[in-house]
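The primary structure of each chain is shown beneath.
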Number of protein chains: 4
Amino acid sequence: MSFFIGRDREARRAYGFDEVAIVPGMMTVDPEDTNTETVIGPLKFKIPFVASAMDGTVDVKFAVAMGKLGGLAVLNLEGLHTRYESPEEAYSEIAKATPESAPKILQKIYSQPIQESLISRRIQEIKKGGAAAAVSCVPKNAAHFGAVAAKAGADVLVVQGTVATARYESSRGKPLDLGRLCKELKIPVIIGNVVTHTAALELMETGCAGILVGVGPGAACTSRGVLGIGVPQITSTVDCAAARDYFFKKTGRYVSIITDGGMTNSGDVCKAFTAGADLVMMGSTFARAKEAPGRGYHWGMAMPDRYLPRGTRIHVGTTSTLEEILFGPATQEEGLQNFVGALRTCMGYVGARTIRELQLAEIIIAPEIKHEGKLFQQAQRVGMGKK
Amino acid sequence: MSFFIGRDREARRAYGFDEVAIVPGMMTVDPEDTNTETVIGPLKFKIPFVASAMDGTVDVKFAVAMGKLGGLAVLNLEGLHTRYESPEEAYSEIAKATPESAPKILQKIYSQPIQESLISRRIQEIKKGGAAAAVSCVPKNAAHFGAVAAKAGADVLVVQGTVATARYESSRGKPLDLGRLCKELKIPVIIGNVVTHTAALELMETGCAGILVGVGPGAACTSRGVLGIGVPQITSTVDCAAARDYFFKKTGRYVSIITDGGMTNSGDVCKAFTAGADLVMMGSTFARAKEAPGRGYHWGMAMPDRYLPRGTRIHVGTTSTLEEILFGPATQEEGLQNFVGALRTCMGYVGARTIRELQLAEIIIAPEIKHEGKLFQQAQRVGMGKK
Amino acid sequence: MSFFIGRDREARRAYGFDEVAIVPGMMTVDPEDTNTETVIGPLKFKIPFVASAMDGTVDVKFAVAMGKLGGLAVLNLEGLHTRYESPEEAYSEIAKATPESAPKILQKIYSQPIQESLISRRIQEIKKGGAAAAVSCVPKNAAHFGAVAAKAGADVLVVQGTVATARYESSRGKPLDLGRLCKELKIPVIIGNVVTHTAALELMETGCAGILVGVGPGAACTSRGVLGIGVPQITSTVDCAAARDYFFKKTGRYVSIITDGGMTNSGDVCKAFTAGADLVMMGSTFARAKEAPGRGYHWGMAMPDRYLPRGTRIHVGTTSTLEEILFGPATQEEGLQNFVGALRTCMGYVGARTIRELQLAEIIIAPEIKHEGKLFQQAQRVGMGKK
Amino acid sequence: MSFFIGRDREARRAYGFDEVAIVPGMMTVDPEDTNTETVIGPLKFKIPFVASAMDGTVDVKFAVAMGKLGGLAVLNLEGLHTRYESPEEAYSEIAKATPESAPKILQKIYSQPIQESLISRRIQEIKKGGAAAAVSCVPKNAAHFGAVAAKAGADVLVVQGTVATARYESSRGKPLDLGRLCKELKIPVIIGNVVTHTAALELMETGCAGILVGVGPGAACTSRGVLGIGVPQITSTVDCAAARDYFFKKTGRYVSIITDGGMTNSGDVCKAFTAGADLVMMGSTFARAKEAPGRGYHWGMAMPDRYLPRGTRIHVGTTSTLEEILFGPATQEEGLQNFVGALRTCMGYVGARTIRELQLAEIIIAPEIKHEGKLFQQAQRVGMGKK
């Protein structure tokens, strides 16, 4: 929907998770009868959840655990596990740092060079554990690290930058040829992040198996605050899902949409699928798992960026096992546990038996702005658990 | 009103209590001349208020008091009163629990089996007290418990799940046949909850006497936060009321609309009627009554749900008698007392002599977002009582 | 602008002070050259400010001071000054009451009967002080008190209820005939409150000289919270001003629009005039004056209402003289002082030389919702005084 | 976009920084390849940043530092530097004042008369330092001070009032003739502030080289709160940029748009350029520099205004060098450092190689209103640095 924001200048209205809700269906089904399977290229997953490539969240052990539970975890090829043979000490140092010293300690720890041999070793460790090995790197390392990883038996390569486009221009050397990468590597490639229909379509044409959707989805995001850049996540997911459907009609190839970022609870996750996602990727949610290596902390991508600082360490706490986070039981009502159960219950209430049916459910715009006169009452009622 | 939330995807804008207000009429009438009567099927009520089936709110004594004052209270057939001959001790244990221990204590107390004989006894106790006996259960218990209750003399059966539809599919046995239930039971059946026009119409066709409107009405609701599901309550009430009017034109049968949930004060209640409600159902408001058994606490439905946890205990305090809550006098200006008086004053100001005339009053969209620059002034002014 | 809030149901979008701003003009004028005069029927006022009939704000001394400064203050005929020959002690008792005891003390003090002779005396005292005497009462007392007041030399009668309509029906005796009242009293009559175009037009046809605009303007208002009733103040002022202009075209009689309520600072006051007001009425703003009798407190209408409680005592503090509140200098930037100066500066910036020219200035919708990510920065910046 | 805000009355919807975001491009470029040059009339600047004429921010030393870094700083001709030969003591007194005593101390310090000879001396000092000398004064001093400044070698004159229009009427003497001023002075003149298309066009016709855009951009602004006047900054920038483009088509002369006010971090700055700005002017951001003379404080324009008080002293702290503020590195993620780096990164992500290409990037409406149910989670997540 476009509005004039000034003379001769139109802008679309975009929507975020907190502005929409899912409408119950005309018929309902038993959650036990729902199916949460999804695919990325040739790979099938029992649950449509991906743990993002953050060192505080994913290590080999976590990736194996996630694989056994039916999902996927992405290991960061530019993180601690390829810089240190045994990163235990680094994790310990990060967890012990004071808030003031954390940025410098992170900087120091990540200045250690990446060892190529460790890329292979980590992948083999995950494979030996019985899980699919998904690994990630930034575009400029993708050609080289991708080849090493594929050779080592990786199942998925994730090429991830803040904003990805099929066309990138630089006077500092030839940029990554995504089409060639997807063609030469024999494994599925996921590219991100992207938020617009046209950019998504161009990426799909490179031959990738999936795209990560999400740039500055929320107002508290760094991209939005520092660069002014971002698109609320419901609209970007809808737009990229429309690109997927268009591309599928045209080519017969189904490129998976992975909504990445901005989701804070299981309600947001359900909305992401209703908006068109095939999978969701989350970081801090999984950093709360007992299996996560971060000891209750997580932090951003490790690559130092001259312009855009990343890497603030966040304390999220360790709340429960990964299995409890995914399958419950939930002991509170905040939607931070039992994500799969919540998803299946939601599917039941909208009458969707599969994720693709859930993508067709009705969304309603429901911002629910509270009157200030009621805020003092609200304070008491937060978490009240009304139906 | 539909807006595009992304490419090829439209969504309606829905409205909640805090986004609308009632417009005064071109003529006004004396509140003393207004009539608040309403019906559910063949039953008449002097005041259009229903206490919801929460154990913290309704026991036999409360149901009798509510009936004498002209309204209706629903007793939970799956709650303490059918699990314990004398539930006093259970109430005491719940009230004494610490916030941390409450969930587990609730779980333990509600693991006691339901005794069928107690269903009959509670109904007879309410009837003996001179009030209409309304009882509730979940769909899967409705056929059996409904028959027991009807036989014991119940006046109304409420069949309540988070989301109710006429069509429900499960591979785990045959689901409840609502049409058959309504036909076989000789008493009026109320079904809920529902929020859409089409689902409401299908439920009306089953032969029910009333429907409960409300799923995830507010952003702080569990359904919204955990499942992403919900429709703001003004829009759902308007939509279901339109279904009622359509169904009445087509069949001559008037199915009552009972708005359930999301109302925090008498202003919200007046808005619910203006949106089309025939009655309103409230839980925490009545839990504050001296007659309520919860001792200042209330808690959700007792049925444990594998996917969606319920039952957080909320402290609401005990503020006044049920009569004061309904008929005043109000000693403060927050709209938490004198609900009937407020309703009649509202009717007077819009010139409505009956609830059905009030349903025709004009609604205006009035979100009243405060500037942050004024928030510090606001803090002092909350409850200031300006006209 | 109408939107569908549900099936077959439209609602207009209304706007409040915090959602709009005034657009500077294509040309500007020197504030010294602006003229703030206004009229109510045959009466002229140098400044378009009216102090509302609240006992905490207006007594004889205050009314005289306000008159000398060019504005108007309304004395409550049902307040302390007609119940007590010397209300000093009552004021003292109210100021000394604890927050808990205040409601009961107010109730007791206002249970004293009204003495008709004091009506005349107060009016004569104001007249003797050299100011116009404006007095107010509720509709049911208007015929009788109005006659007494007019005989005593009152200049203006204000007939004020929460919602006023030309047509009011009651089985409890014949209601006030506003047309007859306006005709029989030889003084201008102001009627209120009203918020809609049609109700305003019908009131104008009764022969009144002015109408008070404002019912439940804000979300924190009692009418809105308790009754659900209200219209944001910009829209109600625009609607009633349109009625005034239509009525003037049709009859040649100019009925003044007095915006009453919801204004918290001089910015809101300027917006009210831009929306079409001829005068503004304020209570708490003037209660802060050293001349106000309330000793830093003010409280609502004294008439007890069985359904709608009023009269919470609010502490506003005593900040400065009435002259400073009206004419400055302002020592802070919150717009709570120098209302006339702010109005004239505003007129200068939009290029309006008179109040009626200001009514033609451009309004823009400018809600300025702050991102939560910036709120912590905002806290520091409140009152920062950026242009 | 216009909406009816009441009967027969339309109002445009305006947008502020917090309601929009920038959409990433279909292609991206290397930030190293972007060019941030901009012009004001014949003058070229390497970076499009201007420090506003506030005494807490700009003195001679600061102006020289800013010039060397490629930007521009404006010295206030009515401030401390033209009232005191050596203003050190005045700065010290202001910094030491208690919050309560600050307004009076500011008033006293600024009551010292302006010495014409100091105008020339300050300009020569800046020129000697190797930077462009930009100076500012209010309209009534512009003819005289402008001539003195031009003679002393000033490069830019800024004529700044709260609201500037080409036409200003006053009975108190002949107002400034802007056309004549621009013609007679041989140096570029910048005029402000302005927010509408028509007023901007009329100012451009006077012959000025740039206009300052911004009146009451935010709800916390003094102009908005005290006078009700203001236009959100995205809309005013778009409107004035459209005037610039129209005027350029018509006359071939390019008048620079300088967005002034309301920007709190680098994200807002990027949005201002995307909305059409050629440069941005900031005060408090630069007051945080070690080079700023205010010692961690800044305060408004010094000219006392009878109607509109200014001059509240604000504590912003001293955070880093001007070079760090402009070019980083940023040590946190709040967008208060490395403004040029953020701008170039943003340009890269939207695929803009120049500021004028950035002006063509897509804007999206993205208010991102948070649900109250999530606010407690938000508190922990502020500054979390999610992509």
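Definitions and limits used
- Residues numbered from 1 in each chain as written.
- Chains lettered and ligands numbered in written order.
- Predicted model: local features only at pLDDT ≥ 70, side-chain atom pairs only at ≥ 80, totals over all residues.
- Helix = DSSP H or I, 4+ residues; strand = E, 2+ residues; numbered from the N terminus.
- Rg over C-alpha atoms; globule rule 2.2 N^0.38 Å.
- Buried ≥ 20, exposed ≤ 12 C-beta atoms within 10 Å, placed from the backbone.
- Core = buried A, V, L, I, M, F, W, Y, C linked by C-beta atoms within 7 Å.
- Contact = placed C-beta atoms within 7 Å.
- pLDDT = per-residue confidence, 0-100.
- Axes fitted to C-alpha atoms, helices over the stretch in contact; angles between N-to-C directions.
- Left-handed = near helix turned anticlockwise from the far one by under 90°.
- Expected span 1.5 Å × (residues − 1).
- Arc of directions from axis to C-beta.
- Parallel < 35°, antiparallel > 145°, perpendicular 65-115°, else oblique.
- Pairing = 2+ DSSP bridges.

When helices and strands are tallied, chain A shows 16 helices and 18 strands. A compact globule built from 387 residues would reach a C-alpha radius of gyration of about 21 Å, and chain A, at 21 Å, matches this within 12%. Viewed in the frame of its principal axes, chain A has a C-alpha envelope of about 55 × 50 × 50 Å. Within chain A, the proportion of its 387 residues that are buried is 62%.

Moving on: unusual backbone geometry. Put simply, G192(A) and N193(A) share a cis peptide bond, and its omega is 5 degrees. A positive phi is found at R295(C), a non-glycine position, where the angle reads about 55 degrees. A count of 16 C-beta atoms within 10 Å places R295(C) in the partly exposed class.

On to the nonpolar core, then. Grouped together as the largest cluster of nonpolar side chains are 511 residues, with contacts concentrated most on I211(A), I211(B), I211(C) and I211(D). When neighbours within four sequence positions are excluded, I211(C) is seen to be in contact with I190(C), I191(C), G192(C), V194(C), A200(C), L203(C), C240(C), V255(C), I257(C) and I258(C).

Okay, the confidence of the model for chain A next. All names here are of chain A. Per-residue pLDDT for chain A has a mean of 91; in total, 91% of the residues score no lower than 70. pLDDT under 50 marks residues 375-387. Its contacts with residues more than four places away, or in other chains, come to 32 contacts. Scored as a complex, the prediction yields pTM 0.94 and ipTM 0.93.

Residues and elements named next belong to chain D. Here helix α1 (residues 60-68) crosses helix α5 (residues 116-128) at 35 degrees, and the two axes come no closer than 9 Å. The chirality of how α1 crosses α5 is right-handed. Facing α1, whose interface residues are V60, A63 and V64, α5 presents R122, E125 and I126.

This next bit is on helix α10 (residues 233-251) of chain D. Residues and elements named next belong to chain D. Given a rise of 1.5 Å per residue, 19 residues ought to cover 27 Å, and the 26 Å separating the end C-alpha atoms of α10 matches this to within 8%. If you check which residues of α10 are buried, you get Q233, I234, T235, S236, T237, V238, D239, C240, A241, A243 and R244. Phi for G252, located one or two positions after α10, is positive at around 80 degrees.

With that out of the way, let us pick up helix α4 (residues 102-109) of chain A. Residues and elements named next belong to chain A. By the burial criterion, the buried members of α4 are A102, L106 and I109. Considered in projection along α4, the buried side chains sweep an arc of 70 degrees and stay on one side of the axis. Among the exposed residues of α4, those oriented more than 90 degrees off its buried face are K104, Q107 and K108. Packed against the buried residues of α4 are α3 (88-96), β16 (297-299) and β17 (313-315).

A separate point is the packing of helix α8 (residues 197-204) of chain C against helix α10 (residues 233-251) of chain C. All names here are of chain C. Axis separation between α8 and α10 bottoms out at 8 Å; the angle between their running directions is 40 degrees. Compared by their axis directions, α8 and α10 come out oblique. Crossing of α8 against α10: the hand is right-handed. For the pair α8 and α10, the contacting residues are H197, A200, L201 and M204 in the first and D239, C240, A242, A243 and F247 in the second.

Turning our eyes to something else, we now look at the sheet that holds strand β1 (residues 2-6) of chain D. Ordered by their spatial adjacency, four strands build an open sheet running β3(C)-β18(C)-β2(D)-β1(D), and the pairing between neighbours is mixed. The open sheet has two free edges, formed respectively by β3 (20-22) of chain C together with β1 of chain D, since each of these has just one partner strand. Averaged over all pairs of adjacent strands, the angle between strand axes in this sheet comes to 45 degrees, irrespective of strand direction. Here strand β18 (residues 363-365) of chain C pairs with strand β2 (residues 9-13) of chain D via two bridges, running parallel. Bridging from a neighbouring strand, I364(C) pairs with R12(D) of β2(D).

Turning our attention to the sheet that holds strand β18 (residues 363-365) of chain A. Taken together, the four strands give an open sheet; going across it, the order is β3(A)-β18(A)-β2(B)-β1(B), and neighbouring strands pair in mixed fashion. The open sheet has two edge strands with one neighbour each: β3 (20-22) of chain A together with β1 (2-6) of chain B. The sheet shows a mean angle of 45 degrees between the axes of neighbouring strands, taken without regard to direction. Pairing between β1(B) and strand β2 (residues 9-13) of chain B: four bridges, direction antiparallel. Considered in β2(B), the bridge of S2(B) is made with R12(B). Relative to β1(B), helix α10 (residues 233-251) of chain A is tilted by about 75 degrees, and along the sheet it contacts β3 of chain A together with β1 and β2 of chain B.

Let us now look at the pairing of strand β12 (residues 189-194) of chain A. Residues and elements named next belong to chain A. For β12, the buried fraction is high: six of the six residues fall into the buried class. Direction of pairing for strand β10 (residues 156-160) relative to β12: parallel, over a ladder of four bridges. If you follow V159 over to β12, its bridge partner there is I191. Where β12 meets strand β13 (residues 210-213), four bridges bridge the pair, whose relative direction is parallel. Note on β13: the bridge partner recorded for G192 is L212.

A few words now on the environment of S2(A). Residues and elements named next belong to chain A. Inspection of the secondary structure puts S2 in strand β1 (residues 2-6). Assessed through the 12 C-beta atoms surrounding it within 10 Å, S2 is described here as exposed. A C-alpha to C-alpha distance of 39 Å links S2 and L326, two positions 324 residues apart in sequence. If sequence neighbours within four positions are ignored, S2 has contacts with E10, A11 and R12.

All names here are of chain A. Within the secondary structure layout, G218 lies in the loop between β13 and α9 (222-227). Residue classification places G218 among the buried positions, given that 29 C-beta atoms sit within 10 Å. Here the alpha-carbon distance between G218 and D18, two residues 200 residues apart in the chain, equals 9.9 Å.

Turning next to the environment of T28(B). Checked against the element boundaries, T28(B) lands in strand β4 (residues 27-29). Sequence separation of T28(B) and T222(B) is 194 residues, and the distance between their C-alpha atoms is 40 Å. Beyond its immediate stretch of four places on either side in the chain, T28(B) contacts G348(B), Y349(B), G351(B), V163(C), T165(C) and Y168(C).

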